[in-house]
Amino acid sequence: MFLNPQIVFRREFDGSGLLFYPDTGEVFALNPTAAAICELIAAGERDEAELLNSLARSTRLPPEAPADLRTFLAQLRRRGFLTE
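Figured I'd write up the structure that's included with this text. (Residues numbered from 1 in each chain as written. Predicted model: local features only at pLDDT ≥ 70, side-chain atom pairs only at ≥ 80, totals over all residues. Heavy atoms only, no water.)

## What to know about the pairing of strand β2 (residues 8-11)
Which entries qualify depends on this criterion: DSSP calls a pair of strands paired once it identifies at least 2 bridges connecting them. Helix and strand definitions follow DSSP, with helices as H or I runs of at least four residues and strands as E runs of at least two, each counted in order from the N terminus.
Inspection of the sheet shows β2 paired to strand β3 (residues 17-21) by 4 bridges, in the antiparallel sense. Looking at β3, one finds that R10 is bridged to L18. The antiparallel pairing of β2 with β3 creates a hairpin that spans 5 residues between the two strands, and G15 there sits at a positive phi of about 95 degrees.

## What about the nonpolar core?
The criterion, for reference: Here, nonpolar core means buried Ala, Val, Leu, Ile, Met, Phe, Trp, Tyr and Cys residues that are tied together by side-chain atoms lying within 4.5 Å of each other. The rule is simple: take the accessible area with a 1.4 Å probe, protein chains only, and divide by the maximum for that residue type; under 20% is buried, over 50% is exposed, in between is partly exposed. Pairs of residues are marked as contacts when any of their non-hydrogen atoms sit within 4.5 Å.
In terms of nonpolar packing, the biggest core is built from 23 residues, with F72, L73 and L76 touching the most fellow members. When residues of this core are traced back to their parent elements, those giving at least two are β3, β4 (26-30), α1 (32-42), α2 (48-58) and α3 (65-78). Not counting the four nearest positions on each side in its chain, L76 is found in contact with L19, F28, C38, F81 and L82.

## Re the sheet that holds β4
Stated formally: Axis geometry follows a simple rule: fit a line to the C-alpha atoms, using only the stretch in contact for helices, then measure angles between N-to-C directions, giving values from 0 to 180 degrees.
Spatially, β2-β3-β4 is the arrangement adopted by the 3 strands of the open sheet, whose pairing is antiparallel. Lying at the two open borders of the sheet, with one neighbouring strand each, are β2 and β4. Strand after strand, the sheet turns through a mean of 15 degrees between neighbouring axes, direction not considered. Across the sheet, α1 is in contact with β2, β3 and β4; its angle to β2 comes to roughly 125 degrees.

The analysis is restricted to geometry; functional conclusions fall outside its scope.
Set out below in structure tokens:
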């Protein structure tokens with residue numbers, strides 16, 4: 001998976017972030033965890049297992065983390081922010 005090359009990703013000073021899709025004008029606000037996930041994808045993490053392993057190295061993940069990650073990635077795909 002990749003961030004859509006037309007998307008602008010910006011990390012904010014407080015750890016949150018934004019995804020902006022210039023073609024549609026859509027802005028998607030990201031909490032710090034979601035912003036970290038987008039950074040990992042941009043840096044080359046390509047599947048859910050890699051993302052979870054990277055997140056687990058920096059924070060303690062709750063049991064629902066895998067399901068939450070799948071839901072978040074599905075949202076990004078539906079909105080056109082991710083490509084395969």
